[in-house]
Amino acid sequence: MKQSLRIKLGQLAARLDELNGLLGAPDVTVDLDRYRALSKEHSDIGSVVERFREFELAEADLATANELADDPSMRAFAEEEKAAAQMRIDALESELQAALLPKDPNDERNVFVEIRAGTGGDESGLFAGSLLRMYVRYAERHRWQTEIVSASNGDMGGYKEAILRIVGDGAYSKLKFESGGHRVQRVPETEAQGRIHTSACTVAVMPEADPLADIAINPTEIRIDTFRASGAGGQHINKTDSAVRITHLPTGLVVECQDDRSQHRNRAQAMSVLASRLLDRQRQERHSKEAAHRKSLIGSGDRSERIRTYNFPQGRVTDHRINLTLYKIDAIMDGELDEIVTALAQEFQAEQLAALAGEPM
């Protein structure tokens, strides 16, 4: 184990002893907020320290087995003990490294998935529709709820832009690596000569923000406009100004919501999207500063960065960040994203572990 990791674990063990003393004090419950904070910290580090103590015990067992190996009559037994101790050490070291990784506070949040058609004209809009369906099907496989917050239809089908809200435990942890440029190579239905066209869409995945707790939006810095919703929706939606457009004046961000018949609900939904965009903007700025110090294996999450190619003639999907190619494009477009999602998460964890251990990137 790296000395830096051992020092961190030793500090946690000392802190746990300190917490045991604080929580055992007779007046600990006088300040309930402090008591809850101490209890949570104790819960967070308790299992890590327990694993560390098991690791130290396994190291002691290995040292004892090495001493026994000097005795010819005990050598066979000692070799078995050494192998068993080393196996425990390796397993516990991996668990401890993973436990020390920083937790993403947004992992358990719901998400907004914004899909925008890019280069490629009508074919890009059709691909945006394909991506929207892919994420909806993925959410359904995980028994998550979905709703289209807003959508701008393409001229020949699909979408110029669509915002999908996904509600489910761990939604952000699964989808956070989907942000970036998605490229498609296929023969459009309108292509008479069977030529392969290349087009692209951008995807932005943002954790759903709490407008009150996560980010402060100054009411004087937003302009709210109402208008009549367009498209299908029945008589009521066409006769009332139920649609809402919110403009954040300092950044120029604009959010429209017209999915609901209620202006009040559309306004609340639009504010939620705006808060999430602003929070994501802050996260991107922090990420850019961090990326200046070390290269990210997963990529910067820049909207313009091409992260994945969907090649229909070859039946393959390639994620360029981890050089993963899968030849099952139909299944992936039907929402079978788990293999890609898991591989991205594992690569990101490997990057974090390398940084934690002080290894060169």
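Residues numbered from 1 in each chain as written. Predicted model: local features only at pLDDT ≥ 70, side-chain atom pairs only at ≥ 80, totals over all residues. Heavy atoms only, no water.

1. A short note on the overall build of the protein chain
Item 1. For the protein chain, the helix and strand inventory stands at nine helices and 11 strands.
Item 2. Summing over all exposed atoms, the protein chain offers an accessible surface of approximately 19,600 Å²; the carbon and sulfur share of this is 49%. (Helix = DSSP H or I, 4+ residues; strand = E, 2+ residues; numbered from the N terminus. Areas by Shrake-Rupley, 256 points an atom, 1.4 Å probe, with all protein chains shown as cover.)

2. Concerning the nonpolar core
Item 1. Counting 38 residues, the largest nonpolar core has Val-113, Leu-131, Tyr-135, Ile-166 and Tyr-310 as its most contacted members.
Item 2. Those elements that place two or more of their residues in this core are strand E1 (111-117), helix H4 (122-141), strand E3 (159-167), helix H5 (171-175), strand E5 (197-207), strand E11 (324-326), helix H8 (329-333) and helix H9 (338-356).
Item 3. For this core, the element with the highest residue contribution is H4, accounting for nine residues.
Item 4. For Tyr-135, the residues in contact, after removing those within four places along its chain, are Val-113, Ile-115, Leu-164, Ile-166, Leu-175, Glu-178, His-182, Val-203 and Leu-337. (Core = buried A, V, L, I, M, F, W, Y, C linked by side-chain atoms within 4.5 Å. Buried < 20%, exposed > 50% of the residue type's maximum accessible area, 1.4 Å probe, protein only. Contact = heavy atoms within 4.5 Å.)

3. Brief notes about the sheet that holds strand E7 (residues 243-248)
Item 1. As summarised here, the arrangement of the three strands in space is E6-E7-E8, forming an open sheet in which the pairing is antiparallel. Each end of this open sheet is capped by a strand with a single partner; those strands are strand E6 (222-227) and strand E8 (253-257). Taken pair by pair, the neighbouring strands of this sheet meet at an average axis angle of 15°, ignoring direction.
Item 2. Where E6 lies against E7, six bridges are found, and the strand directions are antiparallel. Note that in E7 the partner of Arg-223 across the bridge is Thr-247. (Pairing = 2+ DSSP bridges. Axes fitted to C-alpha atoms, helices over the stretch in contact; angles between N-to-C directions.)

4. Considerations on the environment of Ser-150
Item 1. You can see Ser-150 is positioned in strand E2 (residues 145-153).
Item 2. Among the residues examined, Ser-150 registers a relative accessible area of 14% and is labelled buried.
Item 3. Through-space distance from the C-alpha of Ser-150 to that of Glu-256 is 6.9 Å; in sequence the pair is 106 residues apart.
Item 4. The residues contacting Ser-150, other than those within four sequence positions of it, are Glu-161, Ala-162, Ile-163 and Glu-256.

5. Some points on the packing of helix H2 (residues 32-68) against helix H3 (residues 75-99)
Item 1. Between H2 and H3, the shortest axis-to-axis distance is 8 Å and the interhelical angle comes to 155°. The orientation of H2 relative to H3 falls into the category roughly antiparallel. Both H2 and H3 take part in a crossing whose hand is left-handed.
Item 2. Looking at the contact of H2 with H3, its residues break down into 14 nonpolar, two polar and 10 charged. (Parallel < 35°, antiparallel > 145°, perpendicular 65-115°, else oblique. Left-handed = near helix turned anticlockwise from the far one by under 90°. Nonpolar A, V, L, I, M, F, W, Y, C, P; charged D, E, K, R; others polar.)

6. What to know about the confidence of the model for the protein chain
Item 1. For the protein chain, the average pLDDT comes to 84, and 88% of its residues sit at 70 or higher.
Item 2. For the protein chain, the element scoring lowest by mean pLDDT is helix H6 (residues 234-239), at 46; H8 scores highest, at 97.
Item 3. In this model, residues 232-237 is a region of pLDDT below 50 whose contacts with residues beyond four sequence positions or in other chains number six contacts.
Item 4. Here residues 293-304 is modelled with pLDDT under 50, and outside its nearest four sequence neighbours on either side it reaches 30 contacts, counting other chains as well. (pLDDT = per-residue confidence, 0-100.)

7. Re the pairing of E2
Two faces make up the sheet, and in a regular strand the side chains alternate between them.
Item 1. The pairing of E2 with E3 spans eight bridges and is classified as antiparallel. Within E3, the residue paired with Ser-152 across the bridge is Glu-161.
Item 2. Connecting the antiparallel pair E2 and E3 is a turn made up of five residues, with Gly-157 showing a positive phi of about 110°.

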